[in-house]
Amino acid sequence: MIAIIDYGAGNLSSVKKALDFLGAESEITMDKDRILSASHVILPGVGSFGDAMKSMEERGLVEVAREAGRTKNFLGICLGLQLLFESSDESPDVKGLGLLKGNIVTIPKDNGLKVPHIGWNSIELKQKDGIFKGIEDNSYFYFVHSYYLKDADEDAVAGTTEYGVSIECAVQKGKLCGVQFHPEKSSSAGLKLLKNFIEMEA
């Protein structure tokens, strides 16, 4: 069973809908026992880093998410990827989950590109197994974000894209995965990624 962590962020239903389409058993939940008994856990997210961590704290989900990130097949999506890290320029005084090392920084606005970055970008694969098994290099995925990951540990970076700067848009380290883009809105490549995640052994 796949637990989709409900901490009040948006985008939960579209993730659930994609999993339903793939025939996966899933539920949106904030129940700690349900999350920790699941074989797979997804942390979606739309919104600000600080508000997300505050909401998780209020619901008693911070340590639950940390434990799930250390022990389960775990996928962070969009803001959910950013929350895997220690902090973000968006909310400098707020601590993230700290499951991975790297910096969440603002997309520069001085390069003539619109911020937030909204649209389809191809990604260069650094890892071709796990969630990217069978996905062609330079496949396109759908992005909506104003902040991005840089300087993550090299062995954790699974994919990069370019939007004025080089964006580390996917990470994968053991069972812990995260993507800046929205696989649930990324057509066949996104569905393939989610299917790969579903099929990861517990």
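Refer to the structure presented above.
Let me sum up the structure you'll find in this document. Small disclaimer: the values here were computed from a predicted structure and weren't measured.

Pairing between the strands of a sheet comes from backbone hydrogen bonds, and it takes one of two forms, parallel or antiparallel. With mixed pairing, eight strands are arranged side by side in an open sheet as β2-β1-β3-β4-β12-β11-β10-β7. Taken across any chain shown, the strands that pair with only one partner, and hence form the sheet edges, are β2 (26-29) and β7 (124-125). Where strand β4 (residues 73-77) lies against strand β12 (residues 176-179), four bridges are found, and the strand directions are parallel. By the bridge assignment for β12, Leu75 is matched with Cys177. Strand contacts of helix α1 (residues 12-21): β1 (2-5), β2, β3 (40-43) and β4, with the helix running at about 165° to β2, the strand carrying the most contacts.

In total, this model carries three aromatic pairs according to the counting rule given. Of the aromatic side chains, those joined through ring pairs into one cluster are Phe141, Phe143 and Phe181.

Buried residues of helix α3 (residues 49-58): Phe49, Gly50, Ala52, Met53, Ser55 and Met56, and no others. Structurally, α3 contributes buried residues whose contacts are with β3, α4 (62-71) and α5 (79-82). Positive phi shows up at Gly60, right after α3, with a value of about 70°.

All right, on to the pattern of salt bridges then. One pass over the structure, following the stated rule, counts seven salt bridges. Across the pair Asp20 and Lys16 runs a salt bridge whose closest N-O atoms are separated by 2.9 Å. One end of the pair is Asp20 and the other is Lys16, both in helix α1 and four residues apart, which spans about a single turn. Given the relative accessible area of 22%, Lys16 is considered partly exposed. One salt bridge in this structure joins Arg66 and Glu63, with 2.6 Å as the shortest N-O distance. Placement of both Arg66 and Glu63 in helix α4 is noted, with a separation of three residues, approximately one turn of the helix. Classification of Glu63 by relative accessible area gives partly exposed; the value is 48%.

What counts and what doesn't
- Residues numbered from 1 in each chain as written.
- Predicted model: local features only at pLDDT ≥ 70, side-chain atom pairs only at ≥ 80, totals over all residues.
- Heavy atoms only, no water.
- Pairing = 2+ DSSP bridges.
- Helix = DSSP H or I, 4+ residues; strand = E, 2+ residues; numbered from the N terminus.
- Contact = heavy atoms within 4.5 Å.
- Axes fitted to C-alpha atoms, helices over the stretch in contact; angles between N-to-C directions.
- Phe/Tyr/Trp six-rings, centres within 6.5 Å; stacked < 30°, edge-to-face > 60°.
- Buried < 20%, exposed > 50% of the residue type's maximum accessible area, 1.4 Å probe, protein only.
- Salt bridge = Lys/Arg side-chain N within 4 Å of Asp/Glu carboxyl O.

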